Amino acid sequence: MSNETELPTFTGTEVGYYFICPKKLWWFAHGVQMEQGNDRVKMGKLVHEESYQRRKKELNIDDRIVIDWREDGVIHEVKLTDKMEAAHEMQLLYYLYYLKRWKGVEDLRGQIDYPKLRETKSVELTPEREREIEQALGEMQRIVDSRTAPVVEWMRICASCSYAELCWG
Ligand code: SF4
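Every value quoted in this text rests on a predicted model; they were computed, and no experiment measured them.

In this section: the overall build of the protein chain. When helices and strands are counted, the protein chain shows six helices and six strands. For the protein chain, the proportion of its 169 residues judged to be buried stands at 41%. Of the roughly 10,200 Å² of accessible surface on the protein chain, 45% is carried by carbon and sulfur atoms.

Taken together, four strands build an open sheet; the order of strands is S3-S4-S5-S6 and the sheet is mixed. The open sheet has two edge strands with one neighbour each: strand S3 (69–71) and strand S6 (119–123). Each neighbouring strand pair of the sheet contributes to a mean axis angle of 25 degrees, computed without reference to strand direction. Pairing of S3 with strand S4 (residues 74–78), which is carried by three bridges, proceeds in the antiparallel orientation. Bridge pairing in S4 links Glu71 to Val74. Running at roughly 145 degrees to strand S5 (residues 109–114), helix H4 (residues 85–103) makes contact with S4, S5 and S6 of the sheet.

Of the voids in this model, the second largest pocket is the one considered here, and its volume is about 150 Å³. Broken down by element, the residue count for the lining of the second largest pocket peaks at three residues, all from H4. Across the lining of the second largest pocket, the residue classes break down as five nonpolar, no polar and five charged.

Moving on to the pairing of S5. Of all the six residues making up S5, five are buried; the element is thus mostly covered by neighbouring parts of the structure. With five bridges connecting them, S4 and S5 associate as parallel partners. If you follow Glu77 over to S5, its bridge partner there is Ile112. Taking the sense of rotation as the criterion, the β-α-β connection linking S4, H4 and S5 turns out right-handed. As paired strands, S5 and S6 are joined by five bridges and run antiparallel to one another. Each residue of the ladder has a partner; that of Ile112, found in S6, is Lys121.

What follows is about unusual backbone geometry. Backbone geometry places Asp63, a non-glycine residue, at a positive phi of 55 degrees. Assignment of secondary structure puts Asp63 in the loop between strand S1 (59–61) and strand S2 (65–67). Asp63 gets classed as exposed once you look at its relative accessible area, which sits at 59%. A positive phi angle is found at Asp72, which is not glycine, with a value near 50 degrees. Of note, Asp72 is situated in the loop between S3 and S4.

Before going further, it helps to examine the nonpolar core. Across soluble globular proteins, you tend to see nonpolar side chains buried next to one another. Within the largest apolar cluster, 33 residues are counted, with the highest numbers of intra-cluster contacts made by Ile65, Tyr94 and Leu137. Sort the elements by how many residues they give to this core and H4 lands first, with nine residues. With residues near it in sequence (within four places) discarded, Tyr94 still touches Thr9, Phe10, Thr11, Gly12, Val15, Ile65, Ile133 and Leu137.

So, about helix H1 (residues 12–20). Side chains that are three or four residues apart share a direction in an α-helix, a result of its 3.6 residues per turn. Most of H1 is tucked away: seven of the nine residues are buried. Along H1, the residues classified as buried are Gly12, Glu14, Val15, Gly16, Tyr17, Tyr18 and Ile20. As for H1, its buried residues are in contact with helix H2 (22–29), S2, H4 and helix H5 (127–145).

Taken together, Cys21, Lys24, Trp27, Val152, Met155, Ile157, Cys158, Cys161, Tyr163, Ala164, Cys167 and Trp168 are the residues near the ligand. Assessed atom by atom at 2 Å from the grid points, the ligand resides in the largest cavity. Those elements that provide at least two residues to the shell around the ligand are H2 and helix H6 (164–168). Considering each element in turn, the shell around the ligand owes the most residues, three residues, to H6. Classifying every residue of the shell around the ligand gives eleven nonpolar, no polar and one charged.

Thresholds, definitions, all that
Residues numbered from 1 in each chain as written. Predicted model: local features only at pLDDT ≥ 70, side-chain atom pairs only at ≥ 80, totals over all residues. Heavy atoms only, no water. Helix = DSSP H or I, 4+ residues; strand = E, 2+ residues; numbered from the N terminus. Buried < 20%, exposed > 50% of the residue type's maximum accessible area, 1.4 Å probe, protein only. Areas by Shrake-Rupley, 256 points an atom, 1.4 Å probe, with all protein chains shown as cover. Pairing = 2+ DSSP bridges. Axes fitted to C-alpha atoms, helices over the stretch in contact; angles between N-to-C directions. Contact = heavy atoms within 4.5 Å. 1 Å grid on protein atoms, 1.4 Å probe; cavity = no way out; pocket = protein on both sides within 12 Å on 5 of 7 lines; lining within 4 Å. Points joined across faces, edges and corners; volume = space filled by probe spheres on them. Nonpolar A, V, L, I, M, F, W, Y, C, P; charged D, E, K, R; others polar. Right-handed = clockwise from strand over helix to strand, strands pointing away. Core = buried A, V, L, I, M, F, W, Y, C linked by side-chain atoms within 4.5 Å. Near = heavy atom within 4 Å. Sits in = over half its atoms within 2 Å of the grid points.

Given below as structure tokens:
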């Protein structure tokens, strides 16, 4: 998309959900928010709070993106496991994209931290990844504007998804 004013903005959570499952984004955007009671989400929050307590200083930007902490031109996103690494990566790319496109902050890199695994993954916003993000934003808008949920096949992650009962009874 060439005209940035036409680009919708979403929260980092919504972007992450879209890349996990478009139906999950649809539920969330339509006011069904169930993650608070999910044990796995609680565990993730605990890891956030415990592992980086000293250096963590969350930065909330426009109530759209929340950066866990930043240091030396690197913004960090803390995650519990790498099972949904592709979605985590796109969420962090969106942060980099958001900062560049709407805040004029460039030359940042991203890093996903997995404290439980003692691993990290670097993320870079290349022109190609920017296009991926822009395409995703357009598709996300189409999904949330739809009155009906997108049709998806059952996936392994459905077994641990908080929306499973709504999707599959
Ligand atoms: S249960 Fe499966 S299909 Fe439904 S929102 Fe969750 S991941 Fe998507």
